[in-house]
Structures are given as structure tokens and as C-alpha cells.
Amino acid sequence: MDNKRWYDKEPTLSLAVSLIKNSKTETQLQCAEFIKNKAQDYGVVLNGNLLGAFNYVLNRWYDSSEPLAEAFGYLKEADEDTRKQISLEIIAFLEKVETV
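First, a word on scope: everything that follows refers to the structure included in this document. Within each chain, residues carry numbers counting from 1 in the order of the written sequence. Local features in a predicted model are, by the rule used here, given only for residues with pLDDT of at least 70; side-chain atom pairs are given and counted only at 80 or more, and totals for whole chains, interfaces and linings are based on all residues. Heavy atoms throughout the structure, all of them, feed into the side-chain values; hydrogens and water do not.

With respect to the pattern of salt bridges
Close approach of charged atoms lets side chains of opposite charge pair.
Right, on to step 1. By definition here, a salt bridge exists when the distance from a side-chain nitrogen of Lys or Arg to a carboxyl oxygen of Asp or Glu is within 4 Å. Scanning the model with the defined rule gives five salt bridges in all.
Right, on to step 2. The partner of K84 in a salt bridge is E10, with the nearest N and O atoms 3.9 Å apart. In this pair, K84 is assigned in helix 4 (residues 80-99) and E10 in the segment before helix 1 (11-21), connecting sequence segments 74 residues apart.
Right, on to step 3. Ionic pairing is found between D63 and R60, a salt bridge with its closest N-O pair at 2.7 Å. A run of H or I in DSSP counts as a helix once it spans at least four residues, and a run of E counts as a strand once it spans at least two, with each numbered from the N terminus.

Encoded structure:
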């Protein structure tokens, strides 16, 4: 049985998510905005009911922040190639932010 989280199935995305998770809160929020903008640039559209789904019990680490949860919604909606490209851009973005 495959119990991997959706973002652990692709190594680049898994690394990007791990870097986000281990970043400071301020950096996580900057990254959330970055992800949202990049996803929109690639034409990714959120399912209209996604934000309404936040009323359930939030158990994932990124659900504690609405901007992060929204950003992850964009990542989840993106196709595999787009997710990988955005992941590479997230890693580069975090490298810049963390070294400033």
C-alpha cells in the first residue's frame, strides 16, 4: 500500500515542501505568495470549492496558515510538469531569501 503524501511522490516537490516547512514563518508566507503567483502565471486555477473546504479539521502542517494552504492548493491542482517546474523555482527562491 502506498501511503506517501501527494507531494512526496515527486522528489523535487518533496524537497521544495521540506524546505518550506523548515523555513521561518515570514519566509513561508513569502513563499506562499510566490507559489500562488507562479501557479497563476502557469495558468493553474483553484477549484472553486477549495477555500470553503478549510472548514474541516486541519491536520496538515501547512493548513495552520491560510496563505500556505491556498498555495499548496495551487500546487496540488497543477499538472505534474508544472508542479516540478514550480518546485525548482521554489528551491531557487528559498535559496535567495535564506541567504539575504
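Quick notes on helix 2 (residues 25-41)
Right, on to step 1. A helix is expected to span 1.5 Å multiplied by its residue count minus one. Across its 17 residues, helix 2 extends 24 Å between first and last C-alpha, which sits within 8% of the 24 Å expected from 1.5 Å per residue.
Right, on to step 2. Within helix 2, the full set of buried residues consists of T27, Q28, C31, A32, F34, I35 and A39.
Right, on to step 3. Looking at the buried residues of helix 2, the elements they touch are helix 1, helix 3 (66-77) and helix 4.
Right, on to step 4. G43, located one to two residues past helix 2, shows a positive phi value of around 85 degrees. Three exposure classes are used, based on accessible area relative to the maximum for each residue type with a 1.4 Å probe and protein chains only: buried under 20%, partly exposed in between, and exposed over 50%. The contact criterion used is simple: two residues touch if any of their non-hydrogen atoms lie within 4.5 Å.

Thoughts on helix 4
Right, on to step 1. Between its terminal C-alpha atoms helix 4 stretches 29 Å, which fits the 28 Å expected from 20 residues at 1.5 Å a residue.
Right, on to step 2. Looking at the buried side of helix 4, the elements it contacts are helix 1, helix 2 and helix 3.
Right, on to step 3. Among the residues of helix 4, the N-terminal cap falls to D79, whose side-chain oxygen and the backbone nitrogen of D81 are separated by 3.1 Å. The definition of a polar contact used here is a pair of N or O atoms within 3.5 Å, where within protein one atom must be able to donate a hydrogen and the other to accept one, and adjacent residues in sequence count solely through side-chain atom pairs.

Some details on the nonpolar core
The tendency in soluble globular proteins is for nonpolar side chains to be buried side by side.
Right, on to step 1. We define the nonpolar core as a collection of buried residues of types Ala, Val, Leu, Ile, Met, Phe, Trp, Tyr and Cys that are connected through side-chain atoms lying within 4.5 Å of one another. W6, I20, C31, I35, F72, L75 and I90 are the most contacted members of the largest nonpolar core, which has 25 residues in total.
Right, on to step 2. Mapped by element, the contributors of at least two residues to this core are helix 1, helix 2, helix 3 and helix 4.
Right, on to step 3. Setting aside residues up to four positions removed in sequence, L75 forms contacts with W6, L13, I35, R83, I86 and I90.

Regarding the side chain of S23
Right, on to step 1. Mapped onto the fold, S23 is located in the loop between helix 1 and helix 2.
Right, on to step 2. Owing to a relative accessible area of 13%, S23 belongs among the buried residues under this scheme.
Right, on to step 3. Leave out the neighbours within four places in its chain, and S23 touches Q28, L94 and E98.

Observations regarding the packing of helix 2 against helix 4
Right, on to step 1. Note on geometry: axes are C-alpha line fits, over the in-contact stretch for helices, and angles between N-to-C directions span 0 to 180 degrees. Remark: helix 2 packs on helix 4, axes separated minimally by 10 Å, with the N-to-C direction vectors making an angle of 145 degrees. Once helix 2 is placed against helix 4, the crossing between them reads as right-handed. Within the contact between the two elements, helix 2 uses T27, Q30, C31, F34, I35, K38 and A39 and helix 4 uses I86, E89, I90, F93, L94, V97 and E98.
Right, on to step 2. For the contact of helix 2 with helix 4, the residue count by class is nine nonpolar, two polar and three charged. Handedness of a helix crossing follows the sense of rotation of the near helix relative to the far helix, less than a right angle counterclockwise being left-handed and clockwise being right-handed. Ten residue types, Ala, Val, Leu, Ile, Met, Phe, Trp, Tyr, Cys and Pro, are classed as nonpolar, four, Asp, Glu, Lys and Arg, as charged, and the remainder, Gly among them, as polar.

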